[in-house]
Every structure is written in structure tokens, then in C-alpha cells.
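The residues making up each chain are set out below.
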Amino acid sequence: MRIAVFASGSGSNFESLVKASREQGWPGEIVLLVCDRPGAKALERAERLKVPARSFVPKSYPDKAAYEADVLHLLQEYRVDWIVLAGYMRLIGPTLLTAYYGRIVNIHPSLLPAFPGKHAVRQALEKGVKWTGVTVHLVDEGMDTGPILAQEPVPVKDGDDETLLTNRIQTVEHRLYPEVVLRLIRGEIDTDALMKQREEQTTCPSDVR
Ligand code: GAR
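These numbers were taken from a predicted model, which means no experiment stands behind them.

About the cut-offs
- Residues numbered from 1 in each chain as written.
- Predicted model: local features only at pLDDT ≥ 70, side-chain atom pairs only at ≥ 80, totals over all residues.
- Heavy atoms only, no water.
- Helix = DSSP H or I, 4+ residues; strand = E, 2+ residues; numbered from the N terminus.
- Buried < 20%, exposed > 50% of the residue type's maximum accessible area, 1.4 Å probe, protein only.
- Polar contact = N/O pair within 3.5 Å; in protein donor to acceptor, adjacent residues only side chain to side chain.
- Contact = heavy atoms within 4.5 Å.
- Salt bridge = Lys/Arg side-chain N within 4 Å of Asp/Glu carboxyl O.

Caption draft 1: Molecular detail of the side chain of Ser110. Counting through the fold element by element, Ser110 comes out in the loop between strand S5 (104-108) and helix H5 (120-127). Given a relative accessible area of 0%, Ser110 falls into the buried group. At 2.6 Å, the side chain of Ser110 and the backbone oxygen of Ala114 are in polar contact. A distance of 3.4 Å separates a polar atom in the side chain of Ser110 from the backbone oxygen of Phe115. Excluding residues that lie within four positions of it along the chain, Ser110 makes contacts with Phe115, Ala120, Thr132, Gly133, Val134 and Thr135.

As C-alpha cells, then:
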């Protein structure tokens, strides 16, 4: 299985995935890093880890479809089977979703459906919850809404700030994400069934004939 990781920022999850895939002898390989921010630290990690990387400037395209068409072309060139989102702060549009339906996975720093979006850790602190966590899920057209594959709780401690809580969450992410991606590429999860089930749940009753 050939995997592309998409990242926008630091890329610590990207690095933990690359290391796990190499150290644990996965039946698959991370063949590409796709980055939508040219200065992102993830690109430095890719260079150090010797993973081919390509950065895009989405703003330089007329629309999301044109941007994703270029990304798709690259994924086809690298014969990518799976897209693993790791801190990729952009909604996946119809172009990539159609081409990789049921083969895009994301990690999110909360117990979804709580705190979707870009500021999950800050929102957990603001709400004063005692527990937050990590969710790994398949990607659909919504914002952090696809079928959940794994979740793990993380405590919020007195005196936590965003950095302390993010670090505690990411320690879990760096272990959990490789575990789930390995199960996916081994074919141990019936992603087609999960996506189909989700479609049925979201179909409006008046659409059923
Ligand atoms: C991770 O904590 C990931 O869960 C989060 O971004 C961080 C990226 O860190 N993703 C989201 O918030 C998605 N909505 P990294 O670049 O060091 O892997």
C-alpha cells in the first residue's frame, strides 16, 4: 500500500507515521508528503526523513477544484492508495473525495463530535471539560464528521494551557494514529461498509423512495 500524508504545520504526526512504518515493517510505505503551506516545518521533516514532498499554494488556483485536480494528478503519479491527513487544515473537496472515497483518514484532537474544526484544544480549555481526547475517523464531505475508527480520552489537568494540553494529546496521537493506519492498510477495517452506513444515516427520509 502506498500512502500520502497531507500536513499544513509542524508535521509531528507525519514523522511518527514514517518512523512506525519503517520500524514496524508495515505492508505499506509513506511515499509522499503533500503540504499546503510552503514554509511548514513538516517539509523540513520530510527532507530529513527522505520522504518526497511537494508543497502547493492553494490561493494561486482559481478554486478548490483546480487545486485538488493538481494534487490528484501528483497522487496518481505516485500511485497513492491511501491519503492520511495529519494536521491538514483544509476541508477535502469533491475532487479528492470522489477519487479516494473511503480511503482518506484524519486525526482530530478532541473526542468528536465535541469541538470540531481548527481550535479543538482551545475550545476544550474554554469549556472547562475535564476530559478531551483524540479521534481517528474516515473523511467525508463534512468538517470532522466521517465514521469514527478509534477514540482515546485524555485528561485536562488543573493549570493546563494550550501548549501543555496539546503535548499530552499529541503523545496519544503519535501512538494511536500509526496503530489505526496499520489496521487500515492491512484491510482489517471494512471502510466501504462504514461509509455506506454513514450515507444511509445522513439520507433525509423524504429522499427515500
Ligand atoms: C494534531 O494535533 C492534529 O490532531 C490536529 O493538528 C495537529 C497537527 O500537529 N488536527 C486538527 O486540528 C484537524 N482539525 P502536527 O502537525 O504536529 O502533526
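Caption draft 2: Just the pattern of salt bridges, in detail. The tally for this structure, following the rule as stated, stands at ten salt bridges. For Arg175, the salt bridge identified is with Glu152, shortest N-O distance 2.5 Å. Here Arg175, found in helix H6 (residues 162-185), pairs with Glu152, found in strand S7 (residues 148-155); they are 23 residues apart in sequence, far enough to count as distant. Looking at Glu152, the relative accessible area reads 22%, which means it is partly exposed. One salt bridge connects Lys196 with Glu200, and the closest N-O pair in it is separated by 3.7 Å. Of this pair, Lys196 and Glu200 both sit in helix H7 (residues 191-202), separated by four residues, roughly a single helical turn. The burial state of Lys196 is the same as that of Glu200; both residues are exposed. Linked by salt bridges that have partners in common, Glu15, Lys19, Arg45 and Arg48 make up one network.

Caption draft 3: Region of interest: unusual backbone geometry. A cis geometry characterises the amide bond from Leu112 onward to Pro113, with omega recorded as 15°. A positive phi angle, near 50°, is found at Arg79, a position not held by glycine. As for its placement among the helices and strands, Arg79 is situated in the loop between helix H3 (64-77) and strand S4 (82-85). With a relative accessible area of 55%, Arg79 lands in the exposed category. Backbone geometry places Phe115, a non-glycine residue, at a positive phi of 50°. Mapped onto the fold, Phe115 is located in the loop between S5 and H5.

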